[in-house]
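Given next are the chains, with one letter for each unit.
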Amino acid sequence: MVVRDRPDAPEERGKLRYQGLLTPLQAAVARDYSKREWVERRCRRLLEDLGIGSFADLQERHDAVQRRLPEVWAVAEEIMAANPAIE
């Protein structure tokens, strides 16, 4: 299946043109995608996927990352020291 943004685009051999609900759906999403409600909903879902449900969760994640940075930096220094191509 080939989806085109131009209905007058030439046919390609072996490809089927999709006609139906996709274009109206794309138009609705394009129209509403940047609305504050949609943006906030996507952000909330992302935070939930990351296990961050509150500001306290966010602070804990920050603190956990800060605690691991010295270890990460030590490993990075070992890698750089062992690789003569890194200057």
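The structure displayed is predicted, hence computed values, not measured ones.

### A short note on the overall build of the protein
A count of helical and extended segments in the protein gives three helices and zero strands. Along the protein, helices and strands appear, N-terminal first, in the series α-α-α. Taken across its 87 residues, the protein has 5% of its residues classed as buried. Split by element, the accessible area of the protein, about 8,100 Å² in all, is 58% carbon and sulfur.

### Examining the pattern of salt bridges
Proximity of charged atoms lets side chains of opposite charge pair with each other. A full pass over the atoms with the stated rule returns six salt bridges. Between arginine 31 and aspartate 32 there is a salt bridge, with its nearest N and O atoms 3.7 Å apart. A relative accessible area of 13% places aspartate 32 in the buried class.

### Examining the packing of aromatic side chains
In the structure shown here, the tally under the stated rule is zero aromatic pairs. Above the face of the tyrosine 33 ring, arginine 42 is positioned so that its terminal group lies 3.8 Å from the ring centre.

### Regarding helix α3 (residues 55-82)
In this model, α3 (28 residues) spans 40 Å end to end at C-alpha, consistent with the 40 Å of a helix rising 1.5 Å per residue. Remark: the principal bend of α3, roughly 35°, maps to leucine 69, with a proline, proline 70, within the next four residues.

### A few points about the confidence of the model for the protein
Of the residues in the protein, 75% reach a pLDDT of 70 or more, and the chain-wide mean stands at 84. Element-level pLDDT for the protein is lowest in helix α1 (residues 22-32), with a mean of 80, against a maximum mean of 95 in α3.

### Description of helix α2 (residues 36-49)
Residues that lie three or four places apart on an α-helix share one face, since the helix turns once every 3.6 residues. In this model, α2 (14 residues) spans 20 Å end to end at C-alpha, consistent with the 20 Å of a helix rising 1.5 Å per residue. Immediately downstream of α2, the backbone of glycine 51 shows phi near 80°, a positive value.

### Some details on a nonpolar patch on the surface
Judged by side-chain polarity, Trp73, Val75, Ile79, Met80 and Ile86 come together as a nonpolar surface patch covering roughly 480 Å² of accessible area. Following the sequence through the fold, isoleucine 79 ends up in helix α3.

About the thresholds
- Note that residues are indexed from 1 along each chain, following the sequence as it is written.
- Local features are withheld for residues below a pLDDT of 70 in this predicted model, meaning they are given only at 70 or higher, and side-chain atom pairs are given and counted only at 80 or more; totals for whole chains, interfaces and linings count all residues.
- Excluded from the side-chain calculation are hydrogens and water; included are all heavy atoms of the structure.
- Secondary structure is summarised from DSSP: a helix means a run of H or I of at least four residues, a strand means a run of E of at least two, and numbering begins at the N terminus for each.
- Accessible area is worked out with a 1.4 Å probe on protein chains only. A residue is then buried under 20% of its type maximum, exposed over 50%, and partly exposed in between.
- To be clear on the numbers: accessible area is Shrake-Rupley with a 1.4 Å probe, and residue cover counts the displayed protein chains and nothing else.
- The rule for a salt bridge is simple: a side-chain nitrogen of Lys or Arg has to be within 4 Å of a carboxyl oxygen of Asp or Glu.
- Between 30 and 60 degrees the pair is tilted, below 30 it is stacked and above 60 it is edge-to-face, where a pair is any two Phe, Tyr or Trp rings, Trp via its six-membered ring, whose centres lie within 6.5 Å.
- In our convention, an over-ring charge means Lys NZ or Arg CZ found within 6 Å of a ring centre and within 35 degrees of that ring's normal.
- Helices are assigned an expected span. That span is 1.5 Å times one less than the residue count.
- The bend at a residue is defined as the angle formed between two axes, one fitted to the seven residues ending at that residue and one fitted to the seven starting there.
- What pLDDT expresses is the predictor's confidence in each residue, scored from 0 to 100.
- Patches here are clusters of residues that have more than 30% relative accessible area and form no salt bridge, with a 9 Å joining cutoff for like charges and a 5 Å cutoff for nonpolar side chains (Val, Leu, Ile, Met, Phe, Trp, Tyr).

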